[in-house]
Each structure stands twice: as C-alpha cells, then as structure tokens.
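# Fold and contact review
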Amino acid sequence: RDGRRLPPSPPGLPLLGHLPLLGPLPHRALRAMAATHGPVMLLRLGRVPTVVVSSAAAAQEVMKTRDLAFASRPRVRMAERLLYGRDMAFAPYGERWRQARRVAVLHLLSHRRVLSFRRVREQEAAAMVDRVRRGASSGGGAVNLNAVLISYTNGIISRAAFGGDDRSFGLDGGEKLAKVFAEFEELLGTVTMGEFVPWLGWVDTLTGLDARTARMAEEMDALVERVVADHRRRRRRRGVRREADAEGDDDHRDFVDVLLDVNEAEEQTGGGGGVLFDDVAIKAMVLVMFAAATDTTYTALVWAMAELVNHTHEMRRVQDEVRSAVGDGDHAVVTEDHIDELRYLKCVIKETLRLHAPLPLLLPRETTEDAELLGYHVPARTRVIVNAWAIARDPAAWERPEEFVLERWFAAGDDRKTGDDDYMFAQDFRLVPFGAGRRGCPGVGFALPSMELALANLLYHFDWELPAGGASKLDMDELNGLSVRLKATLNLVAKQWSR
Ligand code: HEM
C-alpha cells in the first residue's frame, strides 16, 4: 500500500510455508526456485519470513553496500543451547558481538597469532603423512582420507585452542575426544523443528533431540571448564601471567591463555563498552572457534582431494609443482616456506571453494532495520540467506560454471600466476565462500595455511587413485550437515612417491 515492493514469492503451503520445498539439499532447491523467481525471493519457512539472495549483485548489497542493515543473526536454538547463547557466530548484532569479534580478530586470529601456530600445523601435517603411510601399508594401499583429515584439522584447532600438553583432556584418548566433537558439530548443524514451526516443537522432544542436546551441552561445558581451570592452575604456578604482547617465536600461548589474558586485563580496566569478557564468554569463544574451524576446513580438504582424483591431469600438475618446489632430497619436508610458490595449488583451493563452499548458504543473517535490496523492500527482522553456492555456479557470471577448471584463475597468458596472489574473495561477490563484510568469516587466515599445507603434503608424498575394481570416477553426491560434505567416504589408494 505504501508503494514498497516485497520480493517475489513462490506459492507455499499453509502453516509450513516453503519449508517442505527445501528438501535434503536446500542450496540446490533454492537455486532451482531462484531460476524462476529471481535473485531476491521472499519465502516463509514455517513462520519465519526469509529472503533468499542468489546473485553476486544482491550479495554485494547484503554484505557490502548495506552491510549494517544485514549484520545481525537470527536466534538459532542449537547454538543457544550448546554455546551458552553467548557465542559470536550466532550472536545478534550488538555490543556483546562487537566485543567478541574484536577479541577474536585482534587476539586469536591475527596474522601474528596464526603464524605462531606454524609449528603446530607442520607437526600435524607430518603426523598426517605418517598416518597415511601406516594406513596404506595396513589397508592394502587404501586409506580413509576422511578419518585422516578430520584428525589433522581437529589436531590443529585443539592444540591452537587448548594447548599441546594433554590432547585428550581427561577423555580416554584422542579418539573419544574426536567422537565427542563430531557429535557436538552434528548437533550444532541440526535444525530444530520448533524454531520454524513452534506448534511442532514437541517433535524435538519426541525424537530425543532435546535430551541429546542437553547431555552434550553438559559434557562440553565440563570439558571446557576443565581446560580453563587447568590453564588457570598452570598460570598460578608460574606466578605471573605471561606478557600479553610477547613477540614472535616466544609467544606460544594458546587461545585459552590469550582469552584469560584478555579477561584479566578487562577486569583491571572495567571492560570495553561496559561488557566484561567473563568465563562464559571464554568458554563460548573456545567452543565456537572449534565448531567454526574443524568441520569447514576438513570438508573443503575432502572436496579438494575428491576433485583432484577425478581430474588426474590437474592432480599431476599440482604434484609436479609441489615436488619441484620442495625438491627430492632424502629428508625433504614440505613446510610453510614452500607455500608461497605453490600457485597452482592455490588455484585448486579456489576452484574447490567455488564448486563446494562448505557452507553453501553461509550463516543466516537477519535485518536490523527496514532495508532495500535490489529495489525490493525487506522489513526489519527478516531472515536473510545468501546462496553462495548458486552464485558461484551462476552461468551469467562464470564460463563452464559446473566444471572444475583451474585455468579460470590464471592471469591471461601466464599460467604461473593466479590473477591475484591471495584469496581476495571478498572483493569479488561472485565467490563468497567465507561471506564478507562485518559478519564475514574472521578465520580465513587461519583456515588457508592449514588447507594449503595439508594438500601440499598429501600431494608431495603420495600418488593417489581410486581403488581398483570400483567406479572410474568418484561420485560427487553431497550430504547436508553443519557443512555440506561429500556423501561417499573418501577411500583412496595412496602410493608413496618414489623419487
Ligand atoms: C574453509 C574454512 C572456512 C569456511 C569456508 C568458513 C566460512 C564461514 C562463513 C560462510 C561464515 C559466515 C559469514 C557471513 O555471514 O558473511 C563464517 C563465519 C565465521 N567463521 Fe568461518 N569459515 C572457515 C574457517 C574458519 C576458521 C578456521 C575459523 C576460526 C578459527 C572460523 C571462524 C568463524 C567465526 C567465528 C565466524 C562468525 C563471524 C561473525 O558472525 O561475526 N572460520 N565462516
């Protein structure tokens, strides 16, 4: 009536709205709907009005031009229950989120801090190579790369977050710990019925989801409490807190150490913006880092290896690149010093993230105020989903969008260059696997060296192929969870590279 146009909306069902149309792989269903209804659609998921964005131009408005209006997050019940309702990734826009984001960006994920974990990454990469070797010799050559890569990513983040002395944290061995974290992440990725359709909330109780969640929240809380208490004890034993601004190599503080330093500093100064970074904030921060880092990084690595094993010519080119950069001495080791030279490998990561963003719909946003989007009116408190997966395969923006083509990243005429050296995704809204703007992923700098080093090691030390007697190509079907991953288990034959 006031002349403001809402985005177009396909027909939905009474009560459930468009929820049943999403199916098991919502990013695919939403792309199909957008093909008919356009790059900005209005859906109703149960009772939740939701705008879906499916073009680079619309994504740029959400994450850059009008970033502030789209900078909040909707309430996610699982996050509230598992992360104390205090974590930064699912926090509404406001002072608490700003404080947590500042702490994360300045103290946990700064370039210097990420560099300080270089040894951790290199040790975990060496352990991963050993694991592949052992797996290959005991399993007739075939290795379960899922297990290997979960262990690698878990190893890095748990040592970065909790420190390296006791990786089992009172749980009998690393395996149990990995299981607990796997279930934690599975639950965090579960959408509760009650969130969208309140009158169906009883389903979550009936299926046992509520009880499982309560148990997991308790178990995780006990674990993180123990870790924080251990750190406090050690600090007391040392008598002084470590210098918060220790330089370079001397600074081996893990996330908990750093957060305790922030907490102590804030207690002395009264905190920024009137919000104190307290114990609950510390626990929520550690857990959300874990959740945000492991599943995404591991999923992307599995996709990268899956694409390479289906594109043997490309795999050979990356292997040649890594092997010539590292050399073939008897004790050759792939380190982070080699990574800068590996331009082809970086293209593999870019192309993998283009085709297989681990979070194809990013994390949901919510409007903080009435906003405009490509000329449509979007009311305050509308949920907003960016279909990064559809945008990255949009035939209007990409040539051969469905194919794994590394050449698209080369600068014209020189196949040693990647066009831009870094992963400057946020400048190009056709590719936004990490989101962008105020709520964009602050962990890119942490994720990329872990991914690069893992791939470089796997491709340097081994030749990879599908098990004999099976299909000639790997089935690239997807499975939805906290992230969207390869449905098949990645069992590949690893042959030690002989010089
Ligand atoms: C391949 C790896 C990763 C991918 C694909 C990824 C992707 C994303 C995406 C899509 C978002 C939402 C962005 C938005 O709304 O615009 C996000 C947020 C976030 N990511 Fe990542 N991420 C990865 C690794 C990491 C790592 C390693 C960490 C930390 C160590 C991390 C920490 C976070 C946090 C804390 C947020 C919430 C930011 C906020 O709401 O302010 N991520 N990530």
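Because the structure is a prediction, the values reported are computed rather than measured.

### Some words on the overall build of the protein
- Helix and strand counts for the protein come out as 17 helices and eleven strands.
- For 499 residues, the compact-globule formula gives about 23 Å, and the C-alpha radius of gyration of the protein, at 23 Å, lands near that figure.
- Residues counted as buried form 42% of the 499 residues belonging to the protein.
- The contacts of the protein with a sequence gap of at least 6 include a subset with a gap of at least 24, amounting to 75%.

### Notes on the nonpolar core
- Grouped together as the largest cluster of nonpolar side chains are 141 residues, with contacts concentrated most on M285 and M289.
- Top element by residues in this core is helix α13 (residues 279-310). It accounts for 21 residues.
- Setting aside residues no more than four positions away along its own chain, M285 makes contact with M88, A100, V103, A104 and L259.

### Looking at the sheet that holds strand β7 (residues 383-386)
- As summarised here, the arrangement of the four strands in space is β1-β2-β7-β4, forming an open sheet in which the pairing is mixed. A strand with exactly one partner marks an edge of an open sheet, and here the two such strands are β1 (40-45) and β4 (365-366).
- In this sheet, β7 lies alongside strand β2 (residues 48-53) in parallel orientation, the contact comprising four bridges. What sits directly across from V53, in β7, is V386.

### Notes on the pairing of strand β11 (residues 491-496)
- By the bridge criterion, three bridges tie strand β3 (residues 142-144) to β11 in an arrangement that is antiparallel. Residue pairing across strands places N144 opposite N491, the latter belonging to β11.
- As paired elements, strand β8 (residues 462-465) and β11 share four bridges and run antiparallel to each other. Paired with E465 across the two strands is V493, which belongs to β11.

### Comments concerning the sheet that holds β11
- Ordered by their spatial adjacency, three strands build an open sheet running β3-β11-β8, and the pairing between neighbours is antiparallel. Every interior strand has two partners, whereas the edge strands, β3 and β8, have only one. Each neighbouring strand pair of the sheet contributes to a mean axis angle of 45°, computed without reference to strand direction.

### Topic: the site of the ligand
- Every one of the 28 residues lining the ligand counts as a neighbour, but A292, A293, G435, C441 and G443 are closest to it.
- Breaking the shell around the ligand down by element, the ones donating at least two residues are α4 (95-108), α13 and α17 (444-461).
- Here the element with the most residues in the shell around the ligand is α13; it accounts for seven residues.
- When the residues that make up the shell around the ligand are grouped by side-chain class, the tally is 21 nonpolar, five polar and two charged.

### Examining unusual backbone geometry
- Even without being a glycine, L362 presents a positive backbone phi close to 50°.
- Inspection of the secondary structure assignment puts L362 in the loop between α15 (343-355) and β4.
- A count of 25 C-beta atoms within 10 Å places L362 in the buried class.
- With a phi angle near 65°, R381 is a residue other than glycine that sits in the positive phi range.

### Concerning the packing of helix α14 (residues 312-326) against α17
- At a closest axis distance of 9 Å, the pairing of α14 and α17 adopts a crossing angle of 90°. Our classification of the angle between α14 and α17 gives roughly perpendicular. Note on element contacts: α17 touches α14 through A456, L459 and Y460, opposite V318, Q319, V322, R323 and V326.
- Classifying every residue of the contact of α14 with α17 gives six nonpolar, one polar and one charged.

### Let's talk about the pairing of β2
- Two strands pair when backbone bridges link them, and β1 and β2 are joined in this way by six bridges, in the antiparallel orientation. Note that in β2 the partner of L43 across the bridge is T50.

### Notes on the UniProt feature "binding site: heme" (unreviewed entry) in the protein
- In the numbering used here, UniProt assigns the "binding site: heme" (unreviewed entry) feature to C441.
- Note on placement: C441 falls in the loop between α16 (388-391) and α17.
- C-beta crowding within 10 Å serves as the criterion here: with 23 such atoms nearby, C441 is assigned to the buried category.
- Setting aside residues no more than four positions away along its own chain, C441 makes contact with F434 and G435.

### Some remarks on α15
- Between the first and last C-alpha of α15 there are 19 Å, a value that for 13 residues agrees with the 18 Å anticipated at 1.5 Å per step.
- The buried fraction of α15 is high, at 13 of 13 residues.

### Focus on the environment of R316
- Looking at where R316 falls in the secondary structure, it is placed in helix α14.
- We classify R316 as partly exposed; it has 13 C-beta atoms within 10 Å.

### Some points on the environment of R226
- Relative to the helices and strands, R226 resides in helix α11 (residues 209-238).
- With 15 C-beta atoms counted inside 10 Å, the residue R226 sits in the partly exposed group.
- Sequence separation of R226 and V378 is 152 residues, and the distance between their C-alpha atoms is 45 Å.

### A look at α17
- The end-to-end C-alpha distance of α17 is 26 Å, a good match for the 26 Å that 18 residues give at a rise of 1.5 Å each.
- Within α17, 15 of the 18 residues are buried, leaving the element largely enclosed by the surrounding structure.

### Things to note about the environment of E80
- Residue placement: E80 occurs in helix α3 (residues 77-82).
- For the pair formed by E80 and A91, sequence separation is eleven residues and the distance between their alpha carbons is 9.1 Å.
- When near neighbours in sequence (up to four residues on either side) are disregarded, E80 contacts R75 and G85.

The rules behind the values
Residues numbered from 1 in each chain as written. Predicted model: local features only at pLDDT ≥ 70, side-chain atom pairs only at ≥ 80, totals over all residues. Helix = DSSP H or I, 4+ residues; strand = E, 2+ residues; numbered from the N terminus. Rg over C-alpha atoms; globule rule 2.2 N^0.38 Å. Buried ≥ 20, exposed ≤ 12 C-beta atoms within 10 Å, placed from the backbone. Contact = placed C-beta atoms within 7 Å. Core = buried A, V, L, I, M, F, W, Y, C linked by C-beta atoms within 7 Å. Pairing = 2+ DSSP bridges. Axes fitted to C-alpha atoms, helices over the stretch in contact; angles between N-to-C directions. Near = placed C-beta within 6 Å. Nonpolar A, V, L, I, M, F, W, Y, C, P; charged D, E, K, R; others polar. Parallel < 35°, antiparallel > 145°, perpendicular 65-115°, else oblique. UniProt positions renumbered as here; feature names shortened; annotations may be inferred. Expected span 1.5 Å × (residues − 1).

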